[in-house]
Amino acid sequence: MGLGVLATIAGAAPPNLVIAVWDNEQWAETGGQPSHTARGADLAGIARASGIPRVETPRSEEEFTGVIRRAMRETGPWVIVVKVCEEKPEVRPPVEPVLNKSAFMAHVRSLIR
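Keep in mind that this is a model prediction, so the values were computed, not measured.

### Considerations on the pattern of salt bridges
Inference 1: In total, this model carries five salt bridges according to the counting rule given.
Inference 2: For the salt bridge of Arg54 with Glu74, the shortest nitrogen-to-oxygen distance reads 3.6 Å. Taken together, the residues Arg54 in strand β4 (residues 54–56) and Glu74 in the loop between α3 (61–73) and β5 (78–83) connect sequence positions 20 residues apart.
Inference 3: In this structure, a network of salt bridges that share partners links the residues Arg54, Glu56, Arg70 and Glu74.

Shown next as structure tokens:
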């Protein structure tokens, strides 16, 4: 997703949109080079400046759970920037977008029940 889409989202204001960004501060798929956020770019600040009304950067699993619960109850759009630490695996799992999405959605549903 390009950064320009944040202004488009702000303008369209879809009330049911929640974007979660898992920021490990690296380009993991191409070898782990530092990303722009590793050098100081602030994705939450960019989302706010683009006009997104609800932007959060939870700092713990408990905070993340609370933010997700709020996002499921309150009108969006939302951008949630989650800072994560990536440990370098010996072997990366295959990228299976549909399976990854299903597993993510199942986990989010478990948090809001």
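### A closer look at unusual backbone geometry
When glycine is set aside, most residues are seen to have a negative phi, and most peptide bonds are trans.
Inference 1: Along the chain, Gly76 connects to Pro77 via a cis peptide bond; the corresponding omega equals 10°.
Inference 2: Of note, Pro77 is situated in the loop between α3 and β5.
Inference 3: Not every positive phi belongs to a glycine, and Ala13 is a case in point at roughly 50°.
Inference 4: Take Ala13: it is sitting in the loop between α1 (4–12) and β1 (18–23).
Inference 5: Look at Ala13 and you get partly exposed, because its relative accessible area is 38%.
Inference 6: Of note in the backbone geometry, Glu25 takes a positive phi value of approximately 60° without being a glycine.
Inference 7: Take Glu25: it is sitting in the loop between β1 and β2 (26–27).

Calculation rules
- Residues numbered from 1 in each chain as written.
- Predicted model: local features only at pLDDT ≥ 70, side-chain atom pairs only at ≥ 80, totals over all residues.
- Heavy atoms only, no water.
- Salt bridge = Lys/Arg side-chain N within 4 Å of Asp/Glu carboxyl O.
- Helix = DSSP H or I, 4+ residues; strand = E, 2+ residues; numbered from the N terminus.
- Buried < 20%, exposed > 50% of the residue type's maximum accessible area, 1.4 Å probe, protein only.

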